[in-house]
Amino acid sequence: MYVRSRMTPNPITITRQTTVAEALELMREKSIRRLPVLEKDKLVGIVTERDLIEISPSPATSLSVFEINYLLAKMKIGDVLPKKQKVITVEADALIEEAALLMRQHKIGGLPVVEKGKLVGIITETNIFDAFIDLLGVKDAGFRLAIATADKQGVLAEVAQIISNCGANISRVAVFWEEPQKALLVIRLTADDIDHITKTLTEHGYTIVSVLKNGNSK
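The following refers to the structure shown. Predicted model, so just to flag it, every value in this text is computed and none were measured.

## So, the sheet that holds strand E10 (residues 207-214)
As a general point, the strands of a sheet are linked pairwise by backbone hydrogen bonds and lie either parallel or antiparallel.
Then comes step 1: In space, the four strands of this open sheet follow the order E8-E9-E7-E10, with antiparallel pairing throughout. Both edges of this open sheet fall to strand E8 (169-179) and E10, since each of them pairs with a single strand only. Here the strands of the sheet are splayed against their neighbours by 20° on average, with no regard to which way each runs.
Then comes step 2: The pairing of strand E7 (residues 142-150) with strand E9 (residues 182-190) spans eight bridges and is antiparallel. Bridge assignment links Leu145 to a residue of E9, and that residue is Ile187.

Here's what the structure looks like:
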């Protein structure tokens, strides 16, 4: 799965000349939390709602609401944006897990997406969460079968074959390591007789941890 398929294309942008008040209003109006900053179509920075709130006068200030609004209307993004801000970006054709790792490493909630140096999108933690939900098939109708097994060669192939022989169709597979040498297989499948599948797997020595039903499963 690539960043290109999960990013928000053509993101809303601002310039150094945009005022802080305009940027905040744009974020609230569009329900977004970050805005890439462009200068002559070149990405020069990114500001978040938190950045702008932090530079705004404190609620404890002696300034009146009119004075605060006046200051925010005069203050420009270029006044608060570092002239040489290092912008962490990700390529449109990068794998989505690369984007997730970058966000984790740099403790940020979103990344501008570039292609040949040009801004083409933005990917956020919400996009990553949505991809994770889709990857695990959380919304799919069917059954979620969790199987505890030793982490050894051929396990996944054998489990898949058993399920196939029982006439079921596998739609998603995820593997989690609970501890060294022990894995948890989480399989999404559609089947007419889930009891037959769990019984057969148990007969082959597999431990069924849980069976959950989703949507309109039989």
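Here the narrative resumes.
## Some words on unusual backbone geometry
Then comes step 1: In this structure, Asn10 takes a positive phi of about 45° despite not being glycine.
Then comes step 2: A positive phi is found at Lys40, a non-glycine position, where the angle reads about 55°.
Then comes step 3: Within the secondary structure layout, Lys40 lies in the loop between strand E2 (34-39) and strand E3 (42-48).
Then comes step 4: We classify Lys40 as exposed; its relative accessible area is 81%.

Parameters at a glance
- Residues numbered from 1 in each chain as written.
- Predicted model: local features only at pLDDT ≥ 70, side-chain atom pairs only at ≥ 80, totals over all residues.
- Heavy atoms only, no water.
- Pairing = 2+ DSSP bridges.
- Helix = DSSP H or I, 4+ residues; strand = E, 2+ residues; numbered from the N terminus.
- Axes fitted to C-alpha atoms, helices over the stretch in contact; angles between N-to-C directions.
- Buried < 20%, exposed > 50% of the residue type's maximum accessible area, 1.4 Å probe, protein only.

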